[in-house]
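# Residue-level structural notes
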Amino acid sequence: MKVHNFNAGPSVLPNEVLYKASKALIDFEGSGMSILEIGHRTPLFQAVLDEARNLLRELMQLDDDFEILYLHGGATTQFLQVPMNLLENDGTASYIDTGVWSNKAIKEAKQFGFVDVAASSKESNYNHIPKQFTIQPKSTYLHITTNNTIYGTQWQKIPETDVPLVADMSSDILSRQLDFNKFTLIYAGVQKNMGAAGTTMVAVRKSALGKVTRKIPTILDYRNHIENGSMLNTPPVFAIYISMLTLRWLKDQGGAAGIEKINEKKAALLYNEIDHNPLFRGTVAKEDRSRMNVCYIMDKPELEEEFLKFCKKEDIIGIKGHRSVGGFRASLYNALPYDSVEVLVEAMKYFSLKKA
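Conventions used here
Residues numbered from 1 in each chain as written. Predicted model: local features only at pLDDT ≥ 70, side-chain atom pairs only at ≥ 80, totals over all residues. Heavy atoms only, no water. UniProt positions renumbered as here; feature names shortened; annotations may be inferred. Helix = DSSP H or I, 4+ residues; strand = E, 2+ residues; numbered from the N terminus. Buried < 20%, exposed > 50% of the residue type's maximum accessible area, 1.4 Å probe, protein only. Polar contact = N/O pair within 3.5 Å; in protein donor to acceptor, adjacent residues only side chain to side chain. Pairing = 2+ DSSP bridges. Disulfide = S-S within 2.5 Å. Patch = residues over 30% accessible without salt bridge, like charges linked within 9 Å, V, L, I, M, F, W, Y side chains within 5 Å. Areas by Shrake-Rupley, 256 points an atom, 1.4 Å probe, with all protein chains shown as cover. Salt bridge = Lys/Arg side-chain N within 4 Å of Asp/Glu carboxyl O. Phe/Tyr/Trp six-rings, centres within 6.5 Å; stacked < 30°, edge-to-face > 60°. Lys NZ or Arg CZ within 6 Å of the ring centre and 35° of its normal.

The name an unreviewed UniProt entry gives the protein chain is Phosphoserine aminotransferase, with Chitinophaga oryziterrae as the organism. What the UniProt record of the protein chain gives under Subunit (unreviewed entry) is the line "Homodimer."

And the structure:
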C-alpha cells in the first residue's frame, strides 16, 4: 500500500527510484553483490559518484570554479564547517535569522569569528522573511537559509549583495530555478529533494578556500575532500546511489524548470484551500509562503487530533506540525505527486463540512 507521504524529511521518493534501489539491494549492476556490499573504491561505485556529481553540475548549471562534494554529518555539520573554512578569527560574517536552522548556524559561526545578525524575524515567531537589512561591506560572507521547514517561509527572491553568498538549501534545493552561480557555497542535506538521508551535498567555489589562517582538522577541510574526490574517508555509498537515481529522475522531469511548474501547482492548490476553508488558516505572510512546507492551523485547536486521525484513515501521513509550533505542516517536496495534494485538500473540505 502506498500512502500520501507529507513527511518533512526523510520524505517521499519517486516510485521508480525505490524500484531500482530495491533491485540494487539484491544485485547491483549484475555484480552478484548488493549495493550495500560493493567497495567504495571500485569502478562500480566510482561510476555512481561521478554520475551524481555530473548530474548536479548539469542541473544547477554550475561554472568551473565550483566543486561538488558528498559529505557525512548532515547540514548540521555544515553550520560549523562553513565558518571554519571561510571565516577568519577576527573576521565578521553576516547571517539572516529566519528560523531554527539559521539560528543554529549562527550559534556555531560564533565559535570561529564575529557574527553580525543583519536581520531576524524571531520576534514575530519567524512568520515572514525580513525585507529591510544592511550587510556590512567588510563581511566575509552573508548566510541565508533559503527555505524554513518548521515555519513555512521561503526566500522568493534571493538577496542581492556585494559580499559572497552562502546558503543552506536543505529543504528546497532544485525545487525551482535559481542562478546558483550567484553563490559562493551551497549546502543541503539530500533527504528532502535529492535522495535519502545519510549524505550532504556541498557545492563550493574553489577560489574561496585556503584564505583562513587557522589549522583546520583534516576531515573538516573542504580542500582535502576536493583533492580526494569526496573519498577522503568511506563515503555513504547507498545514500549517494539513491541521490544519483533521484537526480536522474529529476532530469527526466525537465530539471529545476520542469519541477518548479509542478511544485507551483501543488502549493497553489493547497494554499487556495487554506485561504477559503473556514476551519483552517495559514500562519505566515502570504508573500513569503514556502512552496515546500505549507504550515497552517485550525481556529478550533481542540479539533486538531481528530483531524489527524481522520487523515491517517485516509492514508495521509506526516502532516502534524513541528513540535515547537504545532498545527499542521504538509511538505510538498519534488517527488510528492499532485494527486496526493488533491487527496489532502478533499480531506480538509470533507472534515470542515462535517464540523460546520
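On to the side chain of serine 11, then. By the element assignment, serine 11 lies in the loop between β1 (4-5) and α1 (15-26). Assessed through its relative accessible area of 11%, serine 11 is described here as buried. A distance of 3.1 Å separates a polar atom in the side chain of serine 11 from the backbone oxygen of glutamine 191. At 3.2 Å, the side chain of serine 11 forms a polar contact with the backbone oxygen of lysine 192.

Residues in a regular strand point their side chains to alternate faces of the sheet. In terms of burial, strand β2 (residues 66-71) is largely enclosed, as 6 of its 6 residues are buried. Side chains Phe66, Ile68 and Tyr70 of β2 all project onto a buried face; the interleaved residues Glu67, Leu69 and Leu71 project onto the opposite face, where all are buried too.

Counting buried positions along strand β9 (residues 185-189) gives 5 out of 5 residues, so the element sits mostly inside the fold. Because side chains alternate across β9, one face comprises the buried residues Leu185, Tyr187 and Gly189, and the other comprises Ile186 and Ala188, equally buried. One ladder, built from 3 bridges, connects strand β8 (residues 165-168) with β9; its direction is parallel. Note on β9: the bridge partner recorded for alanine 167 is isoleucine 186.

All chains considered together, the criterion is met by 0 disulfides. In this structure cysteine 295 is a free cysteine whose sulfur lies 15 Å from that of cysteine 311, the closest cysteine sulfur available. Cysteine 311 gets classed as buried once you look at its relative accessible area, which sits at 0%.

Time to look at a nonpolar patch on the surface. Together, Leu25, Ile26 and Leu36 line one region of the surface with nonpolar side chains, adding up to about 320 Å² of accessible area. Take leucine 25: it is sitting in helix α1.

A few words on the packing of aromatic side chains. The full count for this structure, using the stated rule, is 13 aromatic pairs. Ring plane angle 80° and centroid distance 6.2 Å describe the contact between phenylalanine 133 and tryptophan 155, whose orientation is recorded as edge-to-face. Taken as a pair, phenylalanine 133 in the loop between β4 (114-120) and β5 (142-145) and tryptophan 155 in the loop between β7 (153-154) and β8 lie far apart in primary sequence, 22 residues in all. Phenylalanine 133 gets classed as partly exposed once you look at its relative accessible area, which sits at 25%. Under the relative-accessibility criterion, tryptophan 155 is labelled buried at 4%. Geometrically, the ring pair formed by tyrosine 296 and phenylalanine 328 is tilted, given 5.4 Å between the ring centres and 35° between the ring planes. With a gap of 32 residues between them, tyrosine 296 in strand β12 (residues 293-298) and phenylalanine 328 in strand β14 (residues 328-331) connect regions that are remote in the sequence. A residue is classified by how much of its surface remains accessible, and tyrosine 296, at 0% relative accessible area, is buried. Ring-pair connections join several aromatic residues into one group, and the members of that group are Phe280, Tyr296, Phe307, Phe310, Phe328, Tyr350 and Phe351. Over the aromatic face of tyrosine 338 sits the side chain of lysine 265, whose NZ or CZ is 5.0 Å from the ring centroid.

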